[in-house]
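What the coordinates show
Each chain, letter by letter, is given below.
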Amino acid sequence: MADSSHGQDDPAAELARKTAELQVVQRVSSEINTTLDLEEIYDIALRTMDELFEFHHANILLLEPGGETLMVVASRGYENQAIGGRVRIGTGVVGVVAQKRKLLQVSNLGQQRAYAAAQRRQIMKAGRHAELGDTVHVPGLPNAESQIAIPLLIRDELIGVFSIESPVRRTFSEHKRGLVSIVVNQIASAIHNARLYEEQTRTAKALEAANATLEARVAERTVALERELRVAHELLSEARNRVEGPLLGESAAVRALRDAIAREAPRTEPLLLTGPPGAGEDTVAHALHGASRRTGAFIYVSCPELRTHLRPTPPGAGSELPLANKFELAVGGTLFLDAVHELPSSLQPALQQALDRDERSRVNRASPVPDVRVIASTSRDLTRDAQSGRLDPIMRLLLKTRIALPALVDRRDDIPMLVDYFVRRHARQLGKVVDGVSAESMKRLETYMWPGNIRELRTVLERAVLLSKSTVLEIDEELLDEGVAVGSYRLVEPLGAGGMGEVWLARHRLLARPAAVKLIRHDVTGMAHEQLVQRFQREAQVTAGLRSPHTVQLYDFGVNDSGSFYYVMELLDGLDLQRIVTDFGPQPAERVIMLLRQTCRSLAEAHAHGLVHRDIKPANLFVTRLGSEYDYLKVLDFGIVKDQPGQEATLLSSQGITQGTPAFMAPELVFGENRIDGRADLYSLACTAYWALTGQLPFRASTAAQMLLHHAQTPPVPPSEVSELLIPPELESLLMMCLEKNPAKRSASALDLDSRLARVRCEWPWTEDRAREWWEAHAPDIVAGRERVRKAP
Amino acid sequence: MAEKFLTRLPAEIRPVLDNGVPAVMVTCSADGIPNVTIISQVHYVDDTHAALSFQFFSKTIRNVRENPKAYVMVSDVIGQANWVLELEFQRSETDGPIFDAMDMQIEAIASATGMSGIFKLRAADIYRVLSVEKLSHVARAEA
Amino acid sequence: MIPGRLVTFLEQHANIAMAGTRNRDLVPYGHRVSGWRISADRRTVTALISEQFTDRLVESLEDNGELALTVEEYPSHETYQLKGRYLRHRPLESEDLEVIERIRGRFAKSLRPLYPDAPDDILRAFTLTPRLAVEFEVREIYLQTPGPGAGARLVPTADG
C-alpha cells in the first residue's frame with residue numbers, strides 16, 4: 001500500500017485501498033486495546049506499520065527517565081539488533097522529532113547527508129575543524145533514504161517516537177501521513193496504558209513490601225518500647241522503693257505504719273520514731289518527709305557520730321558543733337536525728353532550746369522560728385524511763401508524738417516481698433543474674449528471728465547475692481549466723497571503730513557465745529606481712545597469758561581472709577571510763593579510787609610478767625557489769641604491750657611517732673627510752689585519774705608535740721586546783737607522786753599504788769549499791785541487758 | 001517536450017520537490033549577471049508558494065533581494081521529467097510553521113553529521129509561484 | 001585561464017551542469033547542460049545545451065551576452081561556477097557526442113546508489129540529448145561547493 005507514486009489512480013482501486021486501510025486501522029485499534037502487555041503492543045504496532053505502509057524497517061523508541069534520551073524498545077527488520085540503542089533528544093530525525101514533537105518526513109536522506117558532507121569537507125579544507133562536531137551514530141538503517149518519524153504523545157507529553165525507514169526514496173502523501181498519525185496515536189495510548197498498569201503493579205508490590213517492612217518495624221519498635229516502658233516502670237518503682245524500702249509489704253503492721261505516716265506527715269510537731277534497731281527508721285523518716293510535701297531538704301544527723309566531734313583525743317581536734325549548721329540546712333524541710341538517745345549531753349540544751357522555741361511559736365504564734373520539722377529515732381525503751389520519771393526533757397518533748405516501727409518478726413508476711421526487693425536490688429548493683437530464692441531458703445528466712453530486723457535481712461541477702469554462684473539463692477544457716485566469719489566467730493554488728501581497726505560484736509558459730517572481735521588493719525604500719533604476722537602472734541600470745549580478772553580475756557586471735565589481724569575477746573557490757581566521764585562528768589573520788597585499784601591489780605600481773613601496757617588511758621579502762629557486780633573494771637588493749645627491756649617497738653604502735661596516747665604518755669616514753677618499766681603505766685594511770693576526777697587533762701596543749709613536751713618538763717597543777725569536787729588530799733598526793741617526771745620518784749609498783757590507794761579515806765565510800773544505782777540511773781539498758789555497750793569508738 | 005504550463009504547483013510535483021536530484025536555482029543580480037546554484041531542497045508551502053532554505057549568505061540570497069525573479073528546476077529521475085518553476089521572492093521567515101518544518105529537516109541532518117550550528121537554517125525564503133512547467137524526457141523514444 | 005586542476009575536474013569528474021542566462025528584463029533562465037568542452041587554450045568553454053532548454057537561450061545571449069555555467073560532481077557536490085561572455089553558438093559535432101556519452105555514463109553511475117532498482121536507460125536518460133553548443137569566454141570562476149565558502153572567487157585570483 002505504499003504511496004510513493006504519482007499520477008492518477010483508478011478511483012475504484014483507490015476506494016478499495018482506502019477501505020482496506022481503514023480495516024487495518026480498525027483491527028489495530030481492537031487488537032492493541034485488548035492487551036496491557038507491552039511486548040504484545042509493540043508487536044501489533046510494528047506488524048501494522050508494515051502492513052499499512054510496507055516500511056520494512058521500524059523502531060519504537062521510548063523516552064527514558066531524565067528526558068534526555070530515547071531508547072529503542074521494539075524493532076523490526078534490522079539485521080543488527082536495534083533494541084537498546086539510544087538516541088539523544090535533538091539528534092537525527094528521531095531526536096529532532098522528539099524535541100519538536102512534530103512529525104518529520106525526509107525523502108532524500110542520502111542527498112541531504114551528501115550535501116552536509118560536502119559542506120563538512122569544505123570546512124575541513126578551510127582548516128576549521130574545531131567548528132565541527134562528531135558524526136553521531138543513530139540506531140536505524142545506516143543508508144536510509146527515506147524516514148518518517150512520528151512522536152508518541154499523550155496529551156502533548158512525549159512518551160516516545162515511532163520511526164520507520166526505507167533504503168529507497170519514498171514519500172507519504174498527506175493521506176498516508178494522516179493514517180500514520182491515527183495509528184501512532186493509538187499505539188501511544190496503548191503503550192501509555194500498559195506502562196501505567198505496569199507501574200501500578202510495581203507500585204502495589206513495592207507498597208506491599210514496604211507495608212510488610214513497616215509492619216515488621218512497627219512490631220519491633222513496639223516490642224522495644226514495651227521493653228523500655230517496663231524498664232522505666234521498674235526503675236521508677238525501684239526509685240520509689242529506695243525511699244520506701246521497708247515500707248514494702250501488705251501486713252497489718254505495715255498498713256498501720258503507712259496510715260500513721262499519712263496522718264503525721266502533714267504536721268510540723270517534732271516526731272519520735274521508736275522501735276528496735278534496724279527496723280527502717282531512716283526510711284520511715286524519708287517517707288514522712290516525702291509525704292509532707294515540704295519543699296526543703298531532708299537532713300540526716302547521726303547522733304552517735306556527733307560524739308566523735310567531742311572526743312578529747314587527739315588534742316586540738318576542735319569543738320565546733322555541726323548541729324546548728326544542720327538546723328540551718330533543714331529550714332523548710334526535715335531534720336532527722338537518728339538514735340537521738342546518743343545525742344551528746346553538751347548538745348542537748350541546744351536541741352531542747354530549739355524544740356521549746358518551736359513549741360512556743362506553734363502555740364502562741366510567737367515570732368517566727370526556723371521552719372524545721374524535727375524527726376528523731378530511738379531504739380531505747382523509754383517506757384520504763386517515763387514511768388520512773390527519769391526521762392530526759394528532750395525525750396519528753398519528742399515523745400509527745402511518736403510512731404512505733406514494727407520489728408521484722410511482727411511483719412513476717414512481708415518477708416517474701418522484702419526478700420524479692422533486696423535480692424533484685426543487690427543483683428542489679430552487683431551485675432548478677434538472680435532469679436530468686438529457693439523455697440527452702442525462703443522458709444528459713446521467714447522463720448528466723450531477725451534480731452537485726454530489716455537491716456540484718458538486707459545484709460544477709462547482700463552477702464548471699466555476692467557469694468552466690470547460681471541464679472537461685474541458697475540461704476543456709478551460716479549466712480543467717482551473722483555474716484562475716486572471723487575464725488570460728490561470725491561478726492554481727494560493729495561496736496566501735498578507731499585508728500587501728502574496728503571492734504565488732506561477734507558470735508561463736510557453735511557455742512553461740514558472744515564475743516568482741518577487734519579487727520586490726522594490717523596496713524597501719526609499714527612492715528612486711530610476714531613480719532607483721534609474727535609480731536601479732538607473739539603479742540596475742542603474751543596477752544592471752546594474762547589471767548587477772550581485771551584484764552580483758554583473749555579467746556582467740558588470727559588473721560582473717562582479707563588479711564586483717566583479729567583478736568577475739570570477751571564481750572563486755574558497760575562503758576569505758578572515757579564515756580563515763582564525757583557523758584556524766586567528773587567522777588567522785590571514791591569511785592575513781594575503786595577503779596584505780598582494779599586497774600592496779602591488772603597491771604600488777606602484767607608487770608610481774610615483764611609486760612608494760614604503754615597505753616593506759618580512760619578509753620582502755622572498761623567499766624562493766626559482770627554478773628551482779630557493777631563497776632567491774634577490765635583493762636583493754638594490751639596490743640601494744642611490750643616485753644620489758646630489750647624488745648623492739650611493736651606493730652601496734654599508732655601513727656608512728658611514739659607509742660601510747662600523747663595525753664597520757666609517760667615522759668620516759670616520750671624520750672623513747674629503752675628502759676621502760678611498769679612505772680610508765682603508773683604515770684599514765686595517774687593522768688587518767690586526774691582526768692576522771694576533774695574532767696581535764698594534767699596538761700593543756702594544742703598539738704601532740706606540745707603535750708609530750710609538757711609531760712617531759714612541765715609540772716602538773718594539782719587536781720584540786722582545777723576541780724570543784726572534793727578530792728581527798730591523800731589521793732591527790734598519790735597522783736602527784738605518780739606524775740613525777742622521774743620514774744624513780746613514783747610509786748614503786750602497781751601493787752604498791754594499790755595498797756596506798758586502799759588507805760585513802762573517803763567520806764562516802766563507793767559501794768556496790770552506789771554503783772548499781774549509778775548504773776540504773778545512767779545506763780538502764782545496759783543494766784537490763786538490752787544494750788551491751790554504747791557504741792564506743 | 002513541454003507540458004502543462006501551470007500557475008500552481010500540482011500534487012504530482014510534491015514528491016519531486018522532496019526528491020529533486022538536484023535542484024538548481026538561477027538568479028540575476030540587479031546589474032544583470034546571472035548566477036546558477038545548487039539547492040538542497042524546495043519546500044512545498046502551498047500550491048502557489050514554495051520555500052527555499054537560506055543557510056548562508058550568498059550571491060543567490062543577495063540577488064533575489066535585489067531582483068526577486070528566480071528560476072528553479074527540479075528533476076524527477078524515475079519520472080524522467082524536469083520541472084521548471086518561475087518564482088518571485090516574497091519574504092524571508094525566521095519562524096513559523098514553514099521555517100519549523102524546514103528547520104527540522106536541516107537540524108536532523110546537521111545533528112547527525114556533526115554540523116549543528118553550521119548546517120543551519122537561517123531563514124526560510126518564501127517565493128510565490130509564477131509558473132510551473134513540466135518538461136518530460138524523450139529519452140525512451142531516442143533510445 | 002582555467003586552472004589545470006579545474007580542467008581535470010571538468011573533464012573527468014563533473015557529471016551534471018546547468019547554465020543560466022537572463023533576458024533584457026533581468027528575468028533569469030536556466031538551461032540543462034548535457035556536456036562541456038574546454039578549449040585548448042583553456043580560455044573558453046563550450047556548453048552543450050539540452051534540447052528542451054534552448055528556447056530563450058540565444059535571445060538572451062544575443063541581448064546581453066551574460067552566461068553562467070555551474071558544473072557539479074554528483075553526489076559529492078563539488079561544484080564550480082564559470083561566468084563569462086557569450087562568443088558564439090554552433091550545432092553539435094561528433095566530438096561533442098562523445099563527451100556527452102562520457103558524462104552520461106558518469107552521472108548514471110552516480111545515481112545508481114539512489115535508485116538501485118531503476119533500469120539503466122532511465123538513469124542514462126537523465127543526461128539529455130543536447131541540441132546546441134554555446135561557446136563563451138571564461139572571465140571568472142567561483143567555488144560553488146555547498147558550504148560557507150560557496151561563492152569564493154577562484155579566477156581571477158586576487159593578484160590577477
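With that settled, the discussion passes to the overall build of chain A. When its secondary structure is counted, chain A shows 26 helices and 24 strands. Here chain A holds 793 residues, and 41% of them are scored as buried. Considering only contacts within chain A whose residues lie at least 6 apart along the sequence, 70% involve residues at least 24 apart.

What follows is about the interface of chain B and chain C. Taken residue by residue, the interface counts 32 residues in chain B and 38 residues in chain C. When contributions to the side of chain B that touches chain C are tallied by element, the ones reaching two or more residues are strand S2 (23–28), strand S3 (34–39), strand S6 (69–76) and helix H4 (139–142) of chain B. Of the residues that constitute the side of chain B that touches chain C, the class distribution is 18 nonpolar, 10 polar and four charged.

All names here are of chain A. Across chain A, the average pLDDT comes to 81, with 83% of residues at 70 or higher. Considering only residues more than four positions removed or in separate chains, one finds that residues 1–8, a stretch of pLDDT under 50, has 18 contacts. Counting interchain partners and residues more than four positions distant, the pLDDT-below-50 stretch residues 309–321 has 20 contacts.

With 147 residues, the main nonpolar core has Val94(A), Val161(A), Ile187(A), Ala50(B), Val72(B) and Leu69(C) as its most contacted residues. Among the elements that make up this core, the one with the highest residue count is helix H3 (residues 97–112) of chain B (nine residues). Discounting residues that sit within four places of it in the chain, Val161(A) has contacts with Leu61(A), Leu70(A), Val94(A), Val97(A), Ala98(A), Ala149(A), Ile150(A), Pro151(A) and Leu152(A).

So, about the sheet that holds strand S6 (residues 157–166) of chain A. Residue and element names in this part refer to chain A. Taken together, six strands build an open sheet; the order of strands is S3-S2-S1-S6-S5-S4 and the sheet is antiparallel. Of all strands in the sheet, those bounded by a partner on one side alone are strand S3 (86–88) and strand S4 (104–106). Going across the sheet, the axis of each strand differs from the next one's by a mean of 25°, ignoring polarity. Relative to S6, strand S1 (residues 57–63) runs antiparallel, the two sharing six bridges. Residue pairing in the sheet places Leu61 in a bridge with Val161 of S6. Sitting on the sheet, helix H3 (residues 92–100) is in contact with S1, strand S2 (69–76), S3, S4, strand S5 (146–154) and S6, with an inclination near 30° to S5.

The subject of this paragraph is the packing of helix H13 (residues 415–430) of chain A against helix H15 (residues 453–467) of chain A. Residue and element names in this part refer to chain A. It is at 9 Å that the axes of H13 and H15 come closest, and there the two elements cross at 45°. Accordingly, the angle class assigned to the pair H13 and H15 is oblique. The crossing of H13 and H15 is right-handed. Judged by residue contacts, Leu418, Val419, Phe422, Val423, His426, Ala427 and Leu430 of H13 engage Ile454, Leu457, Arg458, Leu461, Glu462, Val465 and Leu466 from H15. Across the contact of H13 with H15, the residue classes tally to 11 nonpolar, one polar and two charged.

All names here are of chain C. Strand S4 (residues 66–73) sits mainly inside the fold: eight of its eight residues count as buried. Side-chain alternation along S4 places Glu66, Ala68, Thr70 and Glu72 on one buried face and Leu67, Leu69, Val71 and Glu73 on a second face that is also buried. Here strand S1 (residues 16–22) runs beside S4; their pairing, made up of five bridges, is antiparallel. Within S4, the residue paired with Ile16 across the bridge is Glu72. With eight bridges joining them, S4 and strand S5 (residues 78–90) adopt antiparallel strand pairing. Opposite Ala68, over in S5, you have Lys83 as the bridge partner.

Next up on the list: the interface of chain B and chain A. How big an interface is tends to be stated in terms of the accessible area lost upon association of its parts. Taken together, the contacts link 22 residues of chain B with 33 residues of chain A. Mapped by element, the contributors of at least two residues to the side of chain B that touches chain A are helix H1 (14–19) and H3 of chain B. Per-element tally for the side of chain B that touches chain A: the top contributor is H3(B), with nine residues.

Further remarks concern unusual backbone geometry. For the bond from Tyr74(C) to Pro75(C), the omega torsion is 5°, close enough to zero to count as cis. Within the secondary structure, Pro75(C) sits in the loop between S4 and S5. In this structure, the amide linkage connecting Val155(C) to the following residue, Pro156(C), adopts the cis form with an omega of -10°. Inspection of the secondary structure assignment puts Pro156(C) in the segment after strand S7 (153–155). Positive phi, close to 55°, is recorded for Asp631(A), a residue that is not glycine. Take Asp631(A): it is sitting in strand S23 (residues 629–635). Despite not being glycine, Gln80(B) shows a phi value in the positive range, around 55°. Relative to the assigned elements, Gln80(B) resides in the loop between S6 and strand S7 (81–93).

Glancing now at the sheet that holds strand S10 (residues 373–378) of chain A. Residues and elements named next belong to chain A. The five strands are arranged S8-S9-S10-S7-S11 in an open sheet whose pairing can be described as parallel. Each edge of the open sheet carries a strand with a single partner, namely strand S8 (298–302) and strand S11 (402–404). Across the sheet, the axes of successive neighbouring strands diverge by a mean angle of 20°, strand direction being ignored. Examined bridge by bridge, S8 and strand S9 (residues 334–338) share five bridges and lie parallel to one another. Within the sheet, the bridge partner assigned to Val301 lies in S9 and is Leu337.

Definitions and limits used
Counting of residues starts from 1 at the beginning of each chain's written sequence and follows it residue by residue. Just so you know, chain letters begin at A and ligand numbers begin at 1, following the order they were written in. Reporting of local features is limited, given that this is a predicted model, to residues whose pLDDT is at least 70; pairs of side-chain atoms are given and counted only at 80 or more, and all residues count toward the totals for whole chains, interfaces and linings. Each helix is a run of H or I in the DSSP string that is no shorter than four residues. Each strand is a run of E no shorter than two, and both are numbered from the N terminus. Any residue with 12 or fewer other C-beta atoms within 10 Å of its own C-beta is exposed, any with 20 or more is buried, and the rest are partly exposed; the C-beta atoms used are placed from the backbone. This entry defines residue contacts through backbone-placed C-beta atoms, with two residues in contact when those atoms are within 7 Å. The nonpolar class holds Ala, Val, Leu, Ile, Met, Phe, Trp, Tyr, Cys and Pro. Asp, Glu, Lys and Arg form the charged class, and all remaining residues, Gly among them, are polar. Per residue, pLDDT measures the predictor's confidence, with a range of 0 to 100. We define a nonpolar core as a collection of buried residues of the types Ala, Val, Leu, Ile, Met, Phe, Trp, Tyr and Cys that are connected via C-beta atoms lying within 7 Å of each other. Strand pairing is assigned whenever DSSP detects at least two bridges linking the two strands. An axis is simply a line fitted to the C-alpha atoms; with a helix, the fit covers only the stretch in contact. Between two such axes, the angle follows the N-to-C directions and lies from 0 to 180 degrees. Should an angle lie under 35 degrees it is considered roughly parallel, over 145 roughly antiparallel, and from 65 to 115 roughly perpendicular; all remaining angles are considered oblique. By the definition used in this description, the sense in which the near helix is turned from the far one sets the handedness, with an anticlockwise turn below a right angle giving left-handed and a clockwise turn giving right-handed.

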